[in-house]
Amino acid sequence: FLTAHQRIISLAGGIIIALLGVLILRKKSLAPDQPEQKALPLPACFATAFAAAIANPSTILSFFAAFAVLGIGSNLTAAEGAFLIAGILLGTGCWWALLSALAARFRSRVTQKAGKILNLILGTLMLLSGIMMALQAFSFYSLLCFKSI
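Residues numbered from 1 in each chain as written. Predicted model: local features only at pLDDT ≥ 70, side-chain atom pairs only at ≥ 80, totals over all residues. Heavy atoms only, no water.

### Notes on the packing of aromatic side chains
Both the distance between ring centres and the angle between the ring planes are used here to describe each pair of aromatic rings. Per the counting criterion, the structure on display carries zero aromatic pairs. Stacked on the ring of F106, the Lys or Arg R105 has its end atom at 5.9 Å from the ring centre. (Phe/Tyr/Trp six-rings, centres within 6.5 Å; stacked < 30°, edge-to-face > 60°. Lys NZ or Arg CZ within 6 Å of the ring centre and 35° of its normal.)

### Considerations on the environment of M126
When you line up the elements, M126 lands in helix α5 (residues 112-148). Through-space distance from the C-alpha of M126 to that of I24 is 8.7 Å; in sequence the pair is 102 residues apart. In contact with M126, other than residues within four places in its own chain, are I17, A18, L20, G21 and I24. (Helix = DSSP H or I, 4+ residues; strand = E, 2+ residues; numbered from the N terminus. Contact = heavy atoms within 4.5 Å.)

### Some details on a nonpolar patch on the surface
A contiguous nonpolar patch, built from W95, W96, L98, L99, L102 and F106 and spanning about 620 Å² of accessible area, is present on the exposed surface. For L98, the position within the fold is in helix α4 (residues 78-106). A relative accessible area of 44% means that L98 is categorised as partly exposed. (Patch = residues over 30% accessible without salt bridge, like charges linked within 9 Å, V, L, I, M, F, W, Y side chains within 5 Å. Areas by Shrake-Rupley, 256 points an atom, 1.4 Å probe, with all protein chains shown as cover. Salt bridge = Lys/Arg side-chain N within 4 Å of Asp/Glu carboxyl O. Buried < 20%, exposed > 50% of the residue type's maximum accessible area, 1.4 Å probe, protein only.)

What follows is the structure, given as structure tokens:
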């Protein structure tokens, strides 16, 4: 399914990631005397992170490649498959919890100027990554067309 629809998924994922980059670039830093802005609701945060992750077919395909190289999945029972998926979800959750805890811990040390610089760097990287992902959708499609000729 993923390889058959990779062009559409890559294009949509690239657009989503590029738009997130634009939002980060447009985000205004808070002055030191301003109160913190209200955070997005948890479901909105989850939906944004999920969309960015699932829209990246290279991540999913890299899991497939790793499983193939390691020989994982060839003869898994349903229980073993469930444990594999649970392990991936647990590992990913622990990684994001660690990153979130570190960000919360060191947030007070980030000055307004440093916040602007971080937003500029991260927003630009996301925007360029999104554009490259969207462009790859077209080059992947053209490669498929030339291979079939």
